[in-house]
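One letter stands for each residue in the lines below.
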Amino acid sequence: MNIDRFKDQHTQIFDAIAQLRRHAHAGIVEHADQIARLVVSMSGVIKLHLAAEDHTLYPALEAANNRQLSQLGRQFQVEMASIAAAYTAFARQWNTAAQVRADPDGFRAQANQVLRSVFERMQREDRDFYPAVERNLATPAHRSPLPMS
């Protein structure tokens, strides 16, 4: 299994979080349009990422015939449920510039809490989870499934 697309999506999400931070520091009300657009675009990446994990990665771990890896996958999947729910509520709350402008302090407080959870979770996946998957299930991206002659 090649998990490069999961890593690429993490990079996109990390970048969006960094952009949100820059806009918030520069002024939430003044940058509400950009903030709302980033929340919407980041939500699309996160939804795609979570769906791919649920439909591809976690089932592959269950089928891998490696009890420790299956258990690790279940643990990460269960932990992600509450983080995903918090992010979904955050994205629903702050997906328009008007909502962001109406409560900049509320946006800042919720962004600090929810985005920190998302950020820390992705760091754990990059540091602990994905390397375990790669050690046990990885298919090199450069290797062709058909012999070359």
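In this text, all values refer to a predicted model and were calculated from it rather than measured experimentally.

Visitor: It is not clear to me how the overall build of the chain should be interpreted in this structure. Could you clarify?
Guide: Helices and strands together make up the secondary structure of the chain, namely 5 helices and 0 strands. Written out in order from the N terminus, the α and β elements of the chain read α-α-α-α-α. C-alpha atoms of the chain, sized along the principal axes, occupy 60 × 35 × 20 Å. Taking all 149 residues of the chain together, the buried fraction comes to 38%. The long-range fraction of contacts in the chain, counting pairs at least 24 apart against all pairs at least 6 apart in sequence, stands at 77%. Considering the chain, the positive charge centre built from 17 side chains and the negative charge centre built from 16 side chains are found 2 Å apart.

Visitor: For this particular structure, what's the right way to read the packing of aromatic side chains?
Guide: Think of a pair of aromatic rings as described by two things: how far the centres are apart, and how the planes are tilted against each other in angle. Taken as a whole and assessed by the stated rule, the structure comprises 8 aromatic pairs. Look at Phe76 and Phe129: their rings are 4.5 Å apart centre to centre, the planes differ by 10 degrees, and that puts the pair in the stacked class. Here Phe76, found in helix H3 (residues 67-93), pairs with Phe129, found in helix H5 (residues 104-137); they are 53 residues apart in sequence, far enough to count as distant. Like Phe76, the residue Phe129 is buried in the burial classification. Taken together, a centroid distance of 5.8 Å and an interplanar angle of 35 degrees make the contact between Phe129 and Tyr130 tilted. Accessibility classification places Phe129 together with Tyr130 in one group, the buried group. These aromatic residues form a ring-pair network of at least three members: Phe6, Tyr58, Phe76, Phe129 and Tyr130. For Arg5, the ring lying beneath its charged end belongs to Phe6, and the centroid distance is 5.1 Å.

Visitor: Would you mind going over helix H2 (residues 32-62) with me for this structure?
Guide: Every α-helical turn comprises 3.6 residues, leaving residues that sit three or four positions apart pointing alike. In a regular helix each residue adds 1.5 Å, so 31 residues correspond to 45 Å; H2 covers 43 Å between its end C-alpha atoms and thus fits that length. Of all the bends found along H2, the most pronounced is centred on Glu53 and spans about 40 degrees.

Visitor: Help me understand the environment of Asp8 in this model?
Guide: Looking at the element boundaries, Asp8 is found in helix H1 (residues 4-26). By relative accessible area, Asp8 is classed as partly exposed at 47%. Placed 80 residues apart in sequence, Asp8 and Thr88 show a C-alpha to C-alpha distance of 21 Å.

About the criteria used
- Residues numbered from 1 in each chain as written.
- Predicted model: local features only at pLDDT ≥ 70, side-chain atom pairs only at ≥ 80, totals over all residues.
- Heavy atoms only, no water.
- Helix = DSSP H or I, 4+ residues; strand = E, 2+ residues; numbered from the N terminus.
- Buried < 20%, exposed > 50% of the residue type's maximum accessible area, 1.4 Å probe, protein only.
- Contact = heavy atoms within 4.5 Å.
- Lys, Arg positive; Asp, Glu negative; His and termini not counted.
- Charge placed at Lys NZ, Arg CZ, Asp CG, Glu CD.
- Phe/Tyr/Trp six-rings, centres within 6.5 Å; stacked < 30°, edge-to-face > 60°.
- Lys NZ or Arg CZ within 6 Å of the ring centre and 35° of its normal.
- Expected span 1.5 Å × (residues − 1).
- Bend = angle between axes of the 7 residues up to and from the residue.

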